[in-house]
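# Overview (structure and organization)
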Amino acid sequence: MGRPDEPVLPFAQVVVEVTQACHHHCLHCYNFWRADRAPLTAPGTLSRAEIRAVVGRIRRDTPLRQVALSGGEPLLRPDLPEIAGDLAADGLGVVVITNGTLLTDERLGRFPAGTIFEFTLFSADPGLHDRIAGRPGAFRRTIRGIERAGRRHFRLALACVVTRLNAHDVWRTIELGIALRAEEVLFNRINLSRATLASAGELVPSVGQLRQALEAAEEAARRYGVAVAVAVPIPPCVLPLDRYPHLHFGWCPRGGPEAYYTVGYDGRLRPCNHSSVILGDLRTERFADIVTREATRAFWRPVSPICRACTDPLRDVCRGGCPAASDECLGSPGLVDPFVETCRRSEEARRRQTADCAGR
Amino acid sequence: MPTPKPVTKEGAVIAKNRKYFVRVGRSVKEIPTGPLVSAADLRKLVGSTVPVTIVGKSVVSIGRRPGILCYVPADPWLVGLVQPALQRMLQQKYAEAGILAAGE
């Protein structure tokens, strides 16, 4: 907790990227370092003790409850179970965001009870999952890893990144996730980054595809009772969201109480996992000092004039979608999320294609 | 069939025989506890008034509407519970398809 004379910041969660290394090459990967990853043993990588200390320092300024251990692929770190154990021993909830392929019985046996594994699954079709993950055999290894975690009664959440390639398979993917004992589904539409912008046309679903994918998720939530969170914002100008009452739509907290500042492998702090902006260094600076400085506040503030003029009832939560995606792709967090435009363009292209086919 | 709209009402969390319920007007619904809705957290809410989001006859969340984060599981108050029979049916379906290990 903070010192008595200072206000405690409200943040309850933080993401710690324990490594940039990853053995998958996901087509939609948004990590700004994807073309130039720091290796597992890169100089400056926080040690197990340093991670505990950095999180402890954040905790002094916040009512921190949960730490998400992410990457890269966090399980590439041999000491990940012990890192999770340290945080759990300090009274924090731990989420491991993983592709699941490295979840062996030996590793699982070292994780603290109560760890949540959020695993990525892109399709129930092994070939399609492997193609998206960029690694042959990934599907089979993910399924086996998650089965092992489920047998040991770890808490499981399925994260499905929805792109043009797999939007048609959302229903079966959620079904498979439920069969794997996932208690919650995160429906994450692709979030564009500098690295994926060039291939946005192949990756971003059209409005129609997105609608079909949401309808499948809605029906799965209704029929099976599984909680489905649409985590990456879908601005209501793309399509109306009130047709999916069983889905929980999320919005960027924009530095508000639900913000999840992200600690990089080297201790440097960023606004979120999607952003490459360095706000400060937690090895040398206090968390409260970094997040309350003007440069940090300025990151969250801008909203596109187009969005300010929006008349949708969700305007004040949407505020243009993902500001980090706008910043990464377009150079300013104050522009409309590039997903909006690419999704519309994708729909126009689909319509033209349909009209061409009908005209032949 | 028209899509039911989510409605937010005020409800009270009550505990009985180690189970948790939410009362909205005269209707009482059990809140399933599980991996993402912990009994310990619910215990703290007993006796308090909370917003309850209802779709049709289903309670879909209690407490504030969850603020959901990219890639981090949603707020624990998101209520979802898969019936074991449905889960077993899907396990069998995907085991028969050769995706899950038999006997899952």
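Below, the structure is looked at part by part. (Residues numbered from 1 in each chain as written. Chains lettered and ligands numbered in written order. Predicted model: local features only at pLDDT ≥ 70, side-chain atom pairs only at ≥ 80, totals over all residues.)

### Examining the overall build of chain B
The number of helices and strands found in chain B is two helices and five strands. Scored against the burial criterion, the 104 residues of chain B give a buried share of 33%. In chain B, the share of contacts with a sequence separation of at least 24, taken over all contacts with a separation of at least 6, comes to 44%. (Helix = DSSP H or I, 4+ residues; strand = E, 2+ residues; numbered from the N terminus. Buried ≥ 20, exposed ≤ 12 C-beta atoms within 10 Å, placed from the backbone. Contact = placed C-beta atoms within 7 Å.)

### Topic: the pairing of strand β3 (residues 27-31) of chain B
All names here are of chain B. As paired elements, strand β2 (residues 19-24) and β3 share five bridges and run antiparallel to each other. Following the sheet pairing, Y20 is matched in β3 by I31. Between β2 and the antiparallel strand that follows it, β3, lie two residues; G25 among them carries a positive phi value of about 60°. (Pairing = 2+ DSSP bridges.)

### Focus: helix α4 (residues 126-133) of chain A
All names here are of chain A. The complete set of buried residues in α4 reads H129, D130, I132 and A133. Looking down the long axis of α4, one finds its buried residues gathered within 165° of arc, a one-sided arrangement. Packed against the buried residues of α4 are α5 (138-151). Of the residues trailing α4, G134 is marked for its positive phi of about 70°. (Arc of directions from axis to C-beta.)

### Overview of the nonpolar core
General note: in soluble globular proteins, nonpolar side chains tend to be found buried as a group. Counting residues in hydrophobic clusters, the biggest one holds 117 residues, and the most contacted among them are V14, L69, C160, F187, A217, V226 and V228 of chain A. Broken down by element, this core gets its largest block of residues, eight residues, from helix α9 (residues 207-224) of chain A. Not counting the four nearest positions on each side in its chain, V14 of chain A is found in contact with I58, L64, V67, Y260, Y261 and V263 of chain A. Of all hydrophobic cores here, the second largest spans nine residues; its members include V13, L42, V52 and I54 of chain B. (Core = buried A, V, L, I, M, F, W, Y, C linked by C-beta atoms within 7 Å.)

### Focus: unusual backbone geometry
Residue and element names in this part refer to chain A. Residues G71 and G72 are joined by a peptide bond in cis, for which omega reads 15°. Summarising the element assignment, G72 is placed in the loop between β2 (66-70) and α2 (80-89). The backbone of R181 sits at a positive phi, close to 80°, despite the residue not being glycine. Within the secondary structure, R181 is located in the loop between α6 (170-179) and β6 (184-189). With 21 C-beta atoms counted inside 10 Å, the residue R181 sits in the buried group. At R319, a residue that is not glycine, the phi angle is positive and equals roughly 50°. Considering the arrangement of structural elements, one finds R319 in the loop between α13 (315-318) and α14 (323-330).

### Concerning the packing of helix α1 (residues 48-61) of chain A against α2 of chain A
All names here are of chain A. Where α1 contacts α2, the axes come no closer than 10 Å and their chain directions differ by 30°. One way to sum up the angle between α1 and α2 is to call them roughly parallel. For α1 against α2, the interelement crossing comes out right-handed. Contacts between α1 and α2 pair R48, I51, R52 and V55 from the former with E82, I83, D86 and L87 from the latter. Here the residues of the contact of α1 with α2 sort into four nonpolar, no polar and four charged. (Axes fitted to C-alpha atoms, helices over the stretch in contact; angles between N-to-C directions. Parallel < 35°, antiparallel > 145°, perpendicular 65-115°, else oblique. Left-handed = near helix turned anticlockwise from the far one by under 90°. Nonpolar A, V, L, I, M, F, W, Y, C, P; charged D, E, K, R; others polar.)

### Focus on helix α2 (residues 84-96) of chain B
Compared with the 18 Å implied by 1.5 Å per residue over 13 residues, the 18 Å span of α2 of chain B between its first and last C-alpha is a close match. Within α2 of chain B, burial applies to L90, Q91 and Y94 of chain B. The buried residues of α2 of chain B occupy an angular sector of 105° when the element is viewed end-on, so they sit on one face. Structural note: α2 of chain B exposes A85, R88 and E96 of chain B on the side pointing more than 90 degrees away from its buried face. Of the surrounding secondary structure, the elements contacted by the buried residues of α2 of chain B are α6 of chain A. Phi turns positive, to about 80°, at G98 of chain B, one or two residues after α2 of chain B. (Expected span 1.5 Å × (residues − 1).)

Distances and angles like these do not, on their own, reveal function.
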